[in-house]
Amino acid sequence: MELKRVVVTGLGALTPIGNTVSEYWNGLINGVSGAAPITHFDAEKFKTRFACEVKNFDPTQFMDRKDVRKLDPFVHYALASTEEAVRDAGLDFEKLDTNRIGVIWGSGIGGLKTFLDEVSNFAKGDGTPRYNPFFIPKMILDICPGHISMRYGLHGLNFSTVSACASSTHALIDSLNYIRTGYADIIISGGSEAIINEAGIGGFNAMHALSTRNDDPATASRPFDNDRDGFVAGEGSGTIILESLEHAKARGAKIYAELIGGGMSADAHHITASHPEGLGARLAMTNAIKDAKISNENIDYINVHGTSTPVGDISESKAILDHFGEHAYDLNISSTKSMTGHLLGAAGAVESIASILAIRNGIVPPTINHFTDDPNLDSKLNFTFNKPQNKTVNYALSNTFGFGGHNASVIFTKYEE
Amino acid sequence: MSDIASRVKAIIVEKLGVDESEVTPEASFTNDLGADSLDTVELIMEFEKEFNVAIPDDQAETISTVGQAVAYLEKNVN
């Protein structure tokens, strides 16, 4: 069976450093940090009191007041970035076969705030259950692609992928496979997350996963720096419209890039720690390159998972060295989490957007907040520290790894006839 | 308008996102005010909370308009 080619025809982003794709990109190439003291709740007693929150976001610009109340923030964010992407792609659903347009959406957790609010409310009472009837349909994460389908009247395949911080990359890979095998013409894919609340920050704090650099939030996310002390929680949403090349051409769509491969693997090692030698990460990259039918030397840029945790950054750099050998020194590596924080289930989507725009604009966004080299990292690797670099990027690889040992990588390339 | 009626109206405006002028005594939650079955359950729960009463399910099923809600509450709220 001949596989169809799959291209990117629309982008939408709502991030801690910009509420549209162009604001996001400007933030990335200007090295803007999205970290600041937490405003979503009173974090005074928490070990970490800062995060990368989405700023100046008004959900009523995207839905009516009644829906704002009935939807969790992770769905508000998704509807906002999806509106931008649908407009960007010029999709007129009245003229398209909506039975062949689907939604595959990732989130690590889903409606954590809704769960927290409802259970807290119950715990404060006398034991009489007084759960809001919208509790469950507001919380479950698959409600998000459900809402996207209802908003636009899309009857094609519709579900969520869950693999913690790899969730939206798995969504992209599933979308790639369903389009290239002919099951759908267009899939609205991506992911969203909204866990900056008492449960999310408290839970990650308890694992010692978060940076506690409360005196200087803007430099707290410092992947590959010697003094990194954990990740910075982020939130937001990224939407990527994927479409078969023939369908995109037939409707005269703008084409950003081509999605040519995805690779997946499992560490089978530990619930939260990555494999010390990066075995799973390496296998995901190997599988992606094999799937894309290219060679290692083609890769110009890796948007790494690089969360700024002491262990994870080392194992990922080992995986890159092991997989790419000498070519590891020729390519650019950067962790845009140094600016956005870690968007967890939405990371794959927003970082894929960064990779697509790096290809399109010929600029590699930097890894900001580099102060001191880590002697455990190979200093010949080019982490694109502190400043963006102009570079022709023909092939970009984006890595994401999730708790549970889930690894997923995707490869985008410049579109050529 | 009674105190109960105005409080009922305020809840409906807030929960269903409708205009105050639409909330007439004859207005049906589902047919006129755009509520679905879950909205209706939520409204009943809000009435219970606001007026500190328990509305049994068999009674709740008889409340489908604004006027029915006000009448029920006027009869059952002390």
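Residues numbered from 1 in each chain as written. Chains lettered and ligands numbered in written order. Predicted model: local features only at pLDDT ≥ 70, side-chain atom pairs only at ≥ 80, totals over all residues. Heavy atoms only, no water.

J.: Describe the UniProt feature "modified residue: O-(pantetheine 4'-phosphoryl)serine" (unreviewed entry) in chain B, with residues and values.
T.: In this structure's numbering, the residues bearing the UniProt feature "modified residue: O-(pantetheine 4'-phosphoryl)serine" (unreviewed entry) are Ser37 of chain B. Of note, Ser37 of chain B is situated in helix α2 (residues 37-51). (UniProt positions renumbered as here; feature names shortened; annotations may be inferred. Helix = DSSP H or I, 4+ residues; strand = E, 2+ residues; numbered from the N terminus.)

J.: Can you lay out unusual backbone geometry for me, pointing to particular residues and giving the numbers?
T.: Residue and element names in this part refer to chain A. Despite not being glycine, Phe224 shows a phi value in the positive range, around 70°. For Phe224, the location among the structural elements is in the loop between α8 (198-206) and β7 (236-244). Backbone geometry places Lys293, a non-glycine residue, at a positive phi of 55°. Among the residues examined, Lys293 registers a relative accessible area of 72% and is labelled exposed. (Buried < 20%, exposed > 50% of the residue type's maximum accessible area, 1.4 Å probe, protein only.)

J.: Got a sec to walk through the UniProt feature "active site" (unreviewed entry) in chain A? Specific residues and values, please.
T.: Within this numbering scheme, the UniProt entry marks Cys165 of chain A as carrying the feature "active site" (unreviewed entry). When neighbours within four sequence positions are excluded, Cys165 of chain A is seen to be in contact with His305, His342, Leu344, Gly345, Ala347, Thr400, Phe401 and Gly402 of chain A. (Contact = heavy atoms within 4.5 Å.)

J.: Can you lay out the pairing of strand β1 (residues 6-14) of chain A for me, pointing to particular residues and giving the numbers?
T.: Residue and element names in this part refer to chain A. Most of β1 sits out of view: nine of its nine residues are buried. Looking at chain direction, β1 and β7 are connected through eight bridges and run antiparallel. Bridge assignment links Val8 to a residue of β7, and that residue is Leu242. One ladder, built from three bridges, connects β1 with strand β8 (residues 257-266); its direction is antiparallel. Bridge assignment links Val6 to a residue of β8, and that residue is Leu259. (Pairing = 2+ DSSP bridges.)

J.: Which residues make up the packing of aromatic side chains, and what values do they have?
T.: All names here are of chain A. Evaluation of the coordinates by the stated rule reveals 13 aromatic pairs over all chains. Judged by centre distance (5.4 Å) and plane angle (75°), the ring pair of Phe57 and Tyr77 falls under edge-to-face. Here the residue Phe57 occupies a position in the loop between β3 (50-51) and α2 (65-70), and Tyr77 occupies one in helix α3 (residues 73-89), the gap between them amounting to 20 residues. The same class applies to Phe57 as to Tyr77, namely buried. Each ring, one from Phe93 and one from Tyr152, has its centre 5.4 Å from the other, and the planes form 50°; the classification is tilted. (Phe/Tyr/Trp six-rings, centres within 6.5 Å; stacked < 30°, edge-to-face > 60°.)

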